[in-house]
Amino acid sequence: MSQKQQRPGGGTNPYLLLTTTMVLWGSGFSSSKVVVDHLPHAVAALLRFGGGAVVLLIALRFVPSQHATSGRDVGRAAGAGVLGVFLYNLLFFWGLSLAPAMDSTTIIPVMSPVLTTGFLLVTRKERASAGRVAGLALGLTGAVIFLIGARTDAGAGGDRFLGDVLFLLSAACWAAFTLLGPRVLAGIEPLRATAYAMTCGAILLGLYSVPSAMDADWGAVSATTWINAVFVAIGPTAVANLFYYRGVGAVGPASASIMMFMVPAVGTLCSYLFLGETFGAVQAIGAVVLLAGAVLAVTRGRVRPKAGEAAEAVAAAGAEDRERGSAERRG
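This structure is a prediction, so every number in the text was calculated from the model and none was measured.

A. How the structure looks around the overall build of the chain. On a plain count of helices and strands, the chain comes out with 12 helices and zero strands. The order of α-helices and β-strands along the chain, N terminus first, is α-α-α-α-α-α-α-α-α-α-α-α. Of the contacts formed within the chain by residues at least 6 apart in sequence, a portion of 89% connects residues at least 24 apart. Working note: accessible area of the chain is about 14,500 Å², and carbon and sulfur atoms make up 67% of it.

Listed below in structure tokens is the structure:
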């Protein structure tokens, strides 16, 4: 393998991993909608991420650790799971029970990089050029137009609007989860970090979903629903989240966020083909404005990621943690 393809996240080209992730995520929206249409949203979230956690924990049995994992590393990964698995999916599946999957494929993957970039600009970790600020403003304007379209949708009442608001909140959770990626990976392999994060989130989802699971009509769940549940647990969850963490560790959160723009195209196509969903005129306009603003905000002045920036970020985070650990031991 060439020197150019080697990355801190592993031997495989991280952009290939991220591309595969985005395709899996895009298809996962419509499959999750099938599951949540037949089971309570909390139970659907548990099936997806509980199943994904089991797959990853089994994988850990066959992949030896390259170095010792500290309690701090495990705790940091578990903490990320509270945000990126439990809260994110609680909001996502709740929104999916109220609004079409097509809405989620636009709001979550497009607003996540907008929010990620906004945080990086506010904290001065990225350059705040006029173009990027304009892109953020345009993206937020598109989100408002999209929500107005959901609010005025004659066939959905207020449910679609509430569902879209929940999608927006879940996008904020995912943006924070992305920003935590390099620090979480500073002292732990991506597979273990993903497994611990997903297990922690799945346990919380399990506790939350107990009442709904007891009331669910399990006998009425169709084979098609179970097939979709298995697919989203393995593909868009276990495999995709592992690939995403590897990609974030290799290229950094800002560059990884750029890849999120593939998800709306895949997700919208799947929602149209398999669920027959469509946008209203106002939502379609909002989606275009939102996507244009997001692309401008994330890519302005950043056509390609700087070589080695992710490795430096991960190394810096690791050095900071080691220094803090030494200080604590001295104290």
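Past the structure itself, the notes keep going.
B. How the structure looks around the pattern of salt bridges. Applying the stated criterion across every chain, the model contains four salt bridges. We note a salt bridge from Asp73 to Arg76, for which the minimum N-O separation is 3.0 Å. A residue pair is termed a helical-turn pair when its members lie 3 or 4 positions apart in one helix, as Asp73 and Arg76 do in helix H3 (residues 71–96) at three residues. For Asp73, a relative accessible area of 7% gives the class buried. Judged by its relative accessible area of 17%, Arg76 falls in the buried class. Note that Glu189 and Arg192 form a salt bridge whose closest N and O atoms lie 4.0 Å from each other. The burial state of Glu189 is the same as that of Arg192; both residues are buried.

C. Representation of helix H2 (residues 41–62) within the structure. With 22 residues, H2 extends 33 Å from end C-alpha to end C-alpha; this agrees with the ideal 32 Å at 1.5 Å per step. Along H2, the positions that sit buried rather than exposed are Ala42, Val43, Ala44, Ala45, Arg48, Phe49, Gly50, Gly52, Ala53, Leu56 and Leu60.

D. Region of interest: the packing of aromatic side chains. With the rule as written, the count across this model stands at 11 aromatic pairs. Here Phe29 and Phe92 contribute two aromatic rings whose centre-to-centre distance is 5.6 Å and whose plane-to-plane angle is 85°, an arrangement assigned as edge-to-face. Of this pair, Phe29 sits in helix H1 (residues 14–36) while Phe92 sits in helix H3, and the two are 63 residues apart along the sequence. Judged by relative accessible area, which is 1%, Phe92 ranks as buried. Their ring planes at 20° and their centres at 6.1 Å tell us that Trp218 and Trp226 sit as a pair that is stacked. Classification of Trp218 by relative accessible area gives partly exposed; the value is 34%. On the basis of relative accessible area, Trp226 is assigned to the partly exposed category, the value being 37%. An aromatic cluster is built from Trp25, Phe29, Tyr88, Phe92, Phe93, Phe167, Trp174, Phe177 and Tyr244, whose rings are joined through pairwise contacts.

E. Local environment of the nonpolar core. In terms of nonpolar packing, the biggest core is built from 72 residues, with Met22, Trp25, Phe92, Phe93 and Tyr244 touching the most fellow members. Broken down by element, this core gets its largest block of residues, 10 residues, from H3. Ignoring sequence-local partners within four residues, the contact set of Tyr244 consists of Leu18, Thr21, Met22, Trp25, Trp174, Thr178 and Ala256.

F. How the structure looks around the packing of helix H6 (residues 159–184) against helix H8 (residues 223–251). Direction vectors running N to C along H6 and H8 enclose 60°, while the axes themselves pass 9 Å from each other. With respect to H8, the axis of H6 lies oblique. Relative to H8, H6 is oriented so that their crossing is right-handed. Of the residues in H8, those in contact with Trp174, Phe177, Thr178, Gly181, Pro182 and Val184 of H6 are Asn241, Tyr244, Tyr245 and Val248.

G. Fine view of the confidence of the model for the chain. Per-residue confidence for the chain gives a mean pLDDT of 80, with 84% of residues at or over 70. Mean pLDDT in the chain bottoms out at helix H12 (residues 309–330), which sits at 42, and peaks at H1, which reaches 92. Low pLDDT, under 50, characterises residues 1–10; the stretch is placed with 14 contacts to residues that sit more than four places away or in other chains. This stretch, residues 301–331, has a pLDDT under 50; its non-local contacts, to residues over four places away or in other chains, come to 33 contacts.

H. Representation of the environment of Ala68. Checked against the element boundaries, Ala68 lands in the loop between H2 and H3. The exposure class of Ala68 is exposed, given its relative accessible area of 72%.

I. The arrangement of the packing of H2 against helix H7 (residues 190–215) in detail. As a packed pair, H2 and H7 sit with axes 8 Å apart at the nearest point and diverge in direction by 145°. Regarding H2 and H7, the two cross each other, and that crossing is left-handed. A breakdown of the residues in the contact of H2 with H7 according to their chemical character gives 18 nonpolar, seven polar and one charged.

J. Looking closely at a nonpolar patch on the surface. Among the surface-exposed residues, Val54, Ile58, Phe62 and Val63 lie close enough to one another that they form a single nonpolar patch of about 410 Å² accessible area. Tracing the sequence through the fold places Phe62 in helix H2.

K. Examining the environment of Val55 more closely. Relative to the helices and strands, Val55 resides in helix H2. Along the primary structure Val55 and Ala233 are separated by 178 residues, whereas in three dimensions their C-alpha atoms are 8.2 Å apart. Residues contacting Val55, with those up to four places away along its chain left out, are Ile234 and Ala238.

About the cut-offs
- Residues numbered from 1 in each chain as written.
- Predicted model: local features only at pLDDT ≥ 70, side-chain atom pairs only at ≥ 80, totals over all residues.
- Heavy atoms only, no water.
- Helix = DSSP H or I, 4+ residues; strand = E, 2+ residues; numbered from the N terminus.
- Contact = heavy atoms within 4.5 Å.
- Areas by Shrake-Rupley, 256 points an atom, 1.4 Å probe, with all protein chains shown as cover.
- Salt bridge = Lys/Arg side-chain N within 4 Å of Asp/Glu carboxyl O.
- Buried < 20%, exposed > 50% of the residue type's maximum accessible area, 1.4 Å probe, protein only.
- Expected span 1.5 Å × (residues − 1).
- Phe/Tyr/Trp six-rings, centres within 6.5 Å; stacked < 30°, edge-to-face > 60°.
- Core = buried A, V, L, I, M, F, W, Y, C linked by side-chain atoms within 4.5 Å.
- Axes fitted to C-alpha atoms, helices over the stretch in contact; angles between N-to-C directions.
- Parallel < 35°, antiparallel > 145°, perpendicular 65-115°, else oblique.
- Left-handed = near helix turned anticlockwise from the far one by under 90°.
- pLDDT = per-residue confidence, 0-100.
- Nonpolar A, V, L, I, M, F, W, Y, C, P; charged D, E, K, R; others polar.
- Patch = residues over 30% accessible without salt bridge, like charges linked within 9 Å, V, L, I, M, F, W, Y side chains within 5 Å.

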